[in-house]
Amino acid sequence: MYKKVLLAYDGSIEGRRALREGARIAQLCGSEVFLLAVVEASAGIGTLDGGFVLPIAEQVEDYKKILGEGVERLKSMGFAPTARLGIGEAGREIAKVAQEIGANLVVVGHRPDGALARWWFSSVGTYLVKHVHCSVLVAQTEVGDEEFSKLLTGSPAEA
């Protein structure tokens, strides 16, 4: 059913949840897996929540590490993922890559904390639903290591 699965990954707990849930679906469907991390370029030095923005070069280096971590997680699950680093608005980058690769499923995480996070995710989520011409999964299922090992191999995780 899903031949090409795009996993949007940012290294967060929610991103890891999306990676695991998306990987499980990809395994069940025998899908090709694509991993995308998006550096959101900002125009200013501050954010709406009062935080500070790292210079773009530092953000790119951080996200390269995050992307590498995601690739290693997927390889340990038996995948040979295609990884890509995008720069720009998350929703637009995810939609662009989904179209370019002909994705059948896009998997993203959800961070439900705070008004700003809800506002930001809502805009990304809304953008994806309007602009991606495939299914979109917002991963929220918590899958522990032992449970995930059982799902992938049929046996418990090794100690």
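Located above this text is the structure these notes cover.
A quick note: this is a predicted structure, and the numbers were derived from the prediction, not measured. (Residues numbered from 1 in each chain as written. Predicted model: local features only at pLDDT ≥ 70, side-chain atom pairs only at ≥ 80, totals over all residues. Heavy atoms only, no water.)

1. Re the pattern of salt bridges
Line of reasoning, step 1. Under the criterion given, the structure shown has 6 salt bridges.
Line of reasoning, step 2. Here glutamate 69 ties to arginine 73 by a salt bridge, and the two come within 3.4 Å at their closest N and O atoms. Of this pair, glutamate 69 and arginine 73 are both found in helix α2 (residues 56-76), 4 residues apart, which corresponds to roughly one turn of the helix.
Line of reasoning, step 3. Among the ionic contacts, a cluster of salt bridges with common partners joins Arg16, Glu69 and Arg73. (Salt bridge = Lys/Arg side-chain N within 4 Å of Asp/Glu carboxyl O. Helix = DSSP H or I, 4+ residues; strand = E, 2+ residues; numbered from the N terminus.)

2. Quick look at the sheet that holds strand β5 (residues 135-139)
Line of reasoning, step 1. Spatial ordering of the open sheet is given by β3-β2-β1-β4-β5, a layout of 5 strands whose pairing is parallel. Two strands in the sheet have a free side with no partner beyond their single neighbour: β3 (82-87) and β5. Each adjacent strand pair in this sheet contributes to an overall mean axis angle of 25°, direction not counted.
Line of reasoning, step 2. Two strands pair when backbone bridges link them, and strand β4 (residues 105-109) and β5 are joined in this way by 5 bridges, in the parallel orientation. When the sheet's bridge partners are listed, valine 106 is paired in β5 with valine 136. (Pairing = 2+ DSSP bridges. Axes fitted to C-alpha atoms, helices over the stretch in contact; angles between N-to-C directions.)

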